[in-house]
Amino acid sequence: MRSPDVVGVYTQMYFMSDHPPIEQQVTFFYTHDLDASTEFYQQKLGFELWLDQGICRIYTVSGSGYLGLCQATKTSDHSA
C-alpha cells in the first residue's frame, strides 16, 4: 500500500499540471502505396475518412483519435 504522501504528490502532479489535457490525437503512418493502404483501412477495417488532403488521408478511429496515412516518397526517411 502506498503512503498517503506519495498518493498526494501523484494526485497533485496529475490534476495540477501546467500542461493542457490532450483532447485529440492523430497518429501518422507513411506508405509507398496510398491507394492500397486506403482500401485496406476503409474496406477491411471500416475506418471512416475524415479528411482527404491528397497525399495524406486522415481517418476517424475513435471519438477523438485519428489515423493519418501519408504517401511516402522514394527519398523520404521517416525512421527518425
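Shown above is the structure to which this text applies.
Reference entry: report on the structure contained in this document. Residue positions are counted from 1 within each chain, in the order its sequence is given. In view of the model being predicted, local features appear only for residues whose pLDDT reaches at least 70, and side-chain atom pairs are presented and counted only at 80 or more, with totals across whole chains, interfaces and linings using the full set of residues. To obtain the side-chain values, all non-hydrogen atoms of the structure were used and water was disregarded.

### Some details on the environment of T31
At step 1: Put simply, DSSP H or I for four residues or longer makes a helix, DSSP E for two residues or longer makes a strand, and each gets a number counted from the N terminus. One can find T31 in strand β1 (residues 25-31).
At step 2: There is a polar contact of 3.1 Å between the side chain of T31 and the backbone nitrogen of D33. Counting of polar contacts relies on pairs of N or O atoms within 3.5 Å, with two restrictions inside protein: one atom must be capable of donating a hydrogen and the other of accepting it, and residues adjacent in sequence are counted only when both atoms are side-chain atoms.

### Comments concerning a nonpolar patch on the surface
At step 1: Nonpolar side chains (Val, Leu, Ile, Met, Phe, Trp, Tyr) within 5 Å and like charges within 9 Å form the patches, drawn only from residues with over 30% relative accessible area and no salt bridge. Each accessible area is a Shrake-Rupley result for a 1.4 Å probe, and residues are judged covered by the shown protein chains and nothing else. Put simply, a salt bridge is a Lys or Arg side-chain nitrogen that is within 4 Å of an Asp or Glu carboxyl oxygen. A cluster of nonpolar side chains, namely V26, F28 and Y30, defines an oily patch on the protein surface of about 280 Å² accessible area.
At step 2: Counting through the fold element by element, V26 comes out in strand β1.

### Here we look at the pattern of salt bridges
At step 1: According to the stated counting rule, one finds two salt bridges in the structure shown.
At step 2: Across the pair D35 and R57 runs a salt bridge, and its minimum N-O distance is 3.6 Å. A residue pair is termed long-range when its members are at least 10 positions apart, and D35 in helix α2 (residues 34-44) and R57 in strand β3 (residues 56-60) qualify at 22 residues.
At step 3: Type-normalised accessible area, obtained with a 1.4 Å probe on protein chains alone, sets the label of each residue: buried when under 20%, exposed when over 50%, and partly exposed for intermediate values. What makes D35 exposed here is its relative accessible area of 55%.
At step 4: A relative accessible area of 15% means that R57 is categorised as buried.
At step 5: Note that D52 and R57 form a salt bridge whose closest N and O atoms lie 3.7 Å from each other.
At step 6: What emerges from the salt-bridge pattern is a single network uniting D35, D52 and R57.

### Focus on the state of the cysteines
At step 1: Any two cysteine sulfur atoms lying within 2.5 Å of each other are counted as a disulfide. Within the structure shown, the criterion is met by one disulfide.
At step 2: Here C56 connects covalently by a disulfide to C70, the sulfurs 2.4 Å from one another. Separated by 14 residues along the polypeptide, C56 in strand β3 and C70 in strand β4 (residues 65-71) bring together distant segments of the chain. The pair formed by C56 and C70 is uniform in burial state, with each residue classed as buried.

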